[in-house]
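Letter by letter, the chains look like this.
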Amino acid sequence: MASIFAEHHVGLVRLALIMVGDQATAEDVVQEAFARTHAGRARLRDGDKALAYVRSAVLNGCRSVLRRRATVFRRPYEPPVWSAESAALMGEERREVMLALRRLPRRQREALTLRYYFDLPDQEIAETMGISASTARSTIARGLAALGRALGEDS
Amino acid sequence: MNSPVEDRLREALVEAGATVDIGTLRPLRVPERRRSRVDFRLVTVAVAVVLAGAATAVVLRAGPGAEDRAVAADPPAQSGGTEMTVFLCTKSAPKESPCQGRAASREQVRTIERALHQSQQVASVLFVDQATAYENFKKIFAHNTSLMEEIKVTDLPASFRLKTRHDGDRRQVKESLRGLGGIQHVADQAESDVRPQTEAGRSWQISVFLCSKGASLPSCGGESVTGKNGEPVVTKEGKGATVAQKMAIQKLIESMPGVEEVLFEDQASAFKNFQKAFKDNEALVKATKVEDMPERFRIRLTAAFDGQGLVSELKRQPGVAQVLYQPCMDDRSALADNFGLLLPDSKVCPAGK
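Anyway, here's the lowdown on the structure attached to this text. The model shown is predicted, which means the values in this text are computed figures rather than measured ones. Residue numbering note: each chain is counted from 1, following its sequence as written. Labels follow written order: the first chain is A, the first ligand is 1, and so on. Given that this is a predicted model, residues contribute local features only at a pLDDT of at least 70 and side-chain atom pairs are listed and counted only at 80 or more, while totals for whole chains, interfaces and linings are drawn from all residues.

## Overview of the packing of helix H7 (residues 133-150) of chain A against helix H1 (residues 4-18) of chain B
Item 1. To obtain each axis, a line is fitted to C-alpha atoms, and for helices this fit is confined to the stretch in contact; angles are then taken between N-to-C directions over 0 to 180 degrees. In DSSP terms, a helix is any run of H or I states spanning at least four residues, a strand is any run of E spanning at least two, and both are numbered starting from the N terminus. Contact geometry for H7 of chain A and H1 of chain B: axes closest at 10 Å, N-to-C directions at 90°. Taken together, the axis directions place H7 of chain A and H1 of chain B in an arrangement best described as roughly perpendicular. Along its contact with H7 of chain A, which presents Leu 144, Leu 147 and Gly 148 of chain A, the element H1 of chain B presents Val 5, Glu 6 and Leu 9 of chain B.
Item 2. Residues of the contact of H7 of chain A with H1 of chain B, tallied by class, amount to four nonpolar, one polar and one charged. Comment on the angle field: the value is read as roughly parallel under 35 degrees, roughly antiparallel over 145, roughly perpendicular from 65 to 115, and oblique elsewhere. By the convention adopted here, residues are in contact when the distance between their C-beta atoms, placed from the backbone, does not exceed 7 Å. In the scheme used here, Gly and all other residues not listed as nonpolar or charged are polar, with Ala, Val, Leu, Ile, Met, Phe, Trp, Tyr, Cys and Pro taken as nonpolar and Asp, Glu, Lys and Arg as charged.

What follows is the structure, encoded as structure tokens:
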């Protein structure tokens, strides 16, 4: 389990960052997920399953963060990397897409990120999110359509 | 057949992901909750991180020896030099305390606070609520899983941390609090500081005390009852450890994993150490004879090795009177000094994890 984290640390932080919007929180989420899965590491022998397991632990952590933020800002609010305040980091066009992605329902946002950032197949997305492969497929399709509408494209 | 939306999404995600600054990425820390030999390697990594000057939180978690822990045992609230602590009642306070199973009411807390502010002897008062106490507790005892499970936030008493004036009379402070409800007990830092400090003792984690002649401990075959004045009265004298037993114990220790060094301390050198540790207490030193000193083996463990298993095995050996485990004792005293909780060893560091 530790080696998975070492290997995929940066990738996991990126996943968390896309979800929560700032690196400090993203790192915390990954650290937390690491600490938790570390305790149960003996139970996981299957390498492929382990990565999906770790990814879903990170996603879970992100959900908690977002839920907490929705109710009250416990920590000083750090603007997401794609907000106007951090315009220096990303181009306008990209930011628009990220903002649209952020407004999608949680599941669609997660499924789209796993597909279009990590290029995961349906089956792995399903395992990571704890849903069935067909649900993952349809969630991606619906998410993509919603994103297209939000961006004013007719595809 | 990628649609434009897909392409745009892909590019945007790549760019968002690329904003992760790998240079500032903090390394993952291994939680020290379950110690095993597998963990050991990783803990060493974490220690290296500490040396590299990472955040203090890392120090708290990865501190391999008692020394780090002793530093960490001062919660932030105490950095100003608290001298007295008034621990308030909780529901779960022990029966012997004046709390009678009731937590301090808001009215009681206010009355206590007023009394403290009015006292001429008190320079400053800081209130530490249960949530803050729990935060500190979690930081200090991150390494002690069983204790973390045992103690809930409501078990930790809220407290007033006081600083007295230079010429302040501590007894008067205690006096001014007398009769007020909601107080579990008042701890005086100056009193708990008289605890003997064995400089060299820190690096020895385990002390295996051997039975001496006339010992009253049941582990040595002795028996004792509590006399009228609360003093133990020996009803049956135990036997001292035999030479064969001592040799067997030493052999056993040397064969144990995680043992870096073993030292046998005979009565003469034990007495020397005792004199050093209690040099401020002349009366005690004078009343003690070399023959009163128990012999012991002192064990130094390799860094970050959890000696709990060794401790429980050593306790079972014939000729062993008592085994003390330093990290466990540190935890106990940190718990008592900072949180007003007095718990038996079996709860602070249960054997056989």
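## Points about the sheet that holds strand E5 (residues 206-210) of chain B
Two orientations exist for strands paired in a sheet by backbone hydrogen bonds: parallel and antiparallel.
Residues and elements named next belong to chain B.
Item 1. Taken in spatial order, the four strands line up as E8-E9-E5-E10 in an open sheet, and their pairing is antiparallel. Lying at the two open borders of the sheet, with one neighbouring strand each, are strand E8 (259-265) and strand E10 (320-325). Ignoring strand direction, the axes of neighbouring strands in this sheet form an average angle of 15°.
Item 2. At least two DSSP bridges between two strands are needed for those strands to be called paired. Pairing geometry for E5 and E10, over five bridges, is antiparallel. Opposite Leu 210, over in E10, you have Val 320 as the bridge partner.

## Observations concerning the packing of helix H4 (residues 92-103) of chain A against H1 of chain B
Item 1. Contact pair H4 of chain A / H1 of chain B: the axes reach a minimum separation of 9 Å and the direction vectors enclose 95°. Here H4 of chain A lies roughly perpendicular to H1 of chain B, going by the angle between them. Counting all contacts with H4 of chain A, which are made through Arg 94, Val 97, Met 98 and Leu 101 of chain A, the residues of H1 of chain B involved are Arg 8, Leu 9, Glu 11, Ala 12, Glu 15 and Ala 16 of chain B.
Item 2. The residue makeup of the contact of H4 of chain A with H1 of chain B, split by class, is six nonpolar, no polar and four charged.

## Some thoughts on helix H13 (residues 308-315) of chain B
All names here are of chain B.
Item 1. Within H13 the residues assigned to the buried category are Leu 310, Val 311 and Leu 314. Looking down the long axis of H13, one finds its buried residues gathered within 100° of arc, a one-sided arrangement.
Item 2. The inward-facing, buried residues of H13 abut E5 and E10. Partly exposed residues are those falling between the two cut-offs: more than 12 but fewer than 20 other C-beta atoms within 10 Å of their own, whereas 20 or more means buried and 12 or fewer means exposed, with C-beta atoms placed from the backbone. Directions are taken from the helix axis to each C-beta atom, and the arc is the one they span.

## Considering the sheet that holds strand E2 (residues 122-128) of chain B
Residues and elements named next belong to chain B.
Item 1. A sheet is described by the order of its strands in space; here four strands give the open sequence E2-E3-E1-E4, paired in antiparallel fashion. Among the strands making up the open sheet, the edge pair consists of E2 and strand E4 (183-188). The mean angle between the axes of side-by-side strands here comes to 20°, regardless of whether they run parallel or antiparallel.
Item 2. Sheet topology note: the strand E1 (residues 84-88)/E4 ladder contains five bridges and is antiparallel. Bridge pairing in E4 places Leu 88 opposite Ile 183.

## Focus on the environment of Gln 184 of chain B
Residues and elements named next belong to chain B.
Item 1. By secondary structure assignment, the location of Gln 184 is in strand E4.
Item 2. Residue Gln 184 is classed as buried on the basis of its C-beta count, with 22 C-beta atoms lying within 10 Å.
Item 3. The spatial distance from the C-alpha of Gln 184 to the C-alpha of Pro 157 is 8.4 Å, given a sequence separation of 27 residues.
Item 4. With residues near it in sequence (within four places) discarded, Gln 184 still touches Phe 87, Leu 88, Cys 89, Ala 93, Ser 97, Cys 99, Pro 157 and Gly 340.

## So, the environment of Leu 59 of chain A
Residues and elements named next belong to chain A.
Item 1. Considering the arrangement of structural elements, one finds Leu 59 in helix H3 (residues 47-71).
Item 2. Of the residues examined, Leu 59 has 23 C-beta atoms within 10 Å and is grouped as buried.
Item 3. C-alpha of Leu 59 to C-alpha of Met 19: the two residues are 40 residues apart in sequence and 8.0 Å apart in space.
Item 4. Setting aside anything within four residues of it in sequence, one finds Leu 59 in contact with Glu 110, Thr 128 and Met 129.

## Some words on the nonpolar core
Item 1. In this structure, Val 86, Leu 88 and Val 208 of chain B are the most contacted members of the largest nonpolar core, which totals 56 residues.
Item 2. Per the annotation, domain bounds derive from an automatic or database assignment of domains. Lining this core are residues from two domains, each supplying at least three of them: domain 1 (4-76 + 196-348) and domain 2 (83-192) of chain B.
Item 3. Apart from residues lying up to four places away in sequence, Leu 88 of chain B is in contact with Ala 104, Val 109, Pro 157, Ala 158, Ser 159, Gly 182, Ile 183 and Gln 184 of chain B.
Item 4. Val 54, Ala 57 and Ile 125 of chain A together with Leu 28 of chain B belong to the second-largest nonpolar core, a separate cluster that totals 44 residues. For the purposes of this analysis, a nonpolar core is taken to be any set of buried Ala, Val, Leu, Ile, Met, Phe, Trp, Tyr and Cys residues that are connected through C-beta atoms within 7 Å.

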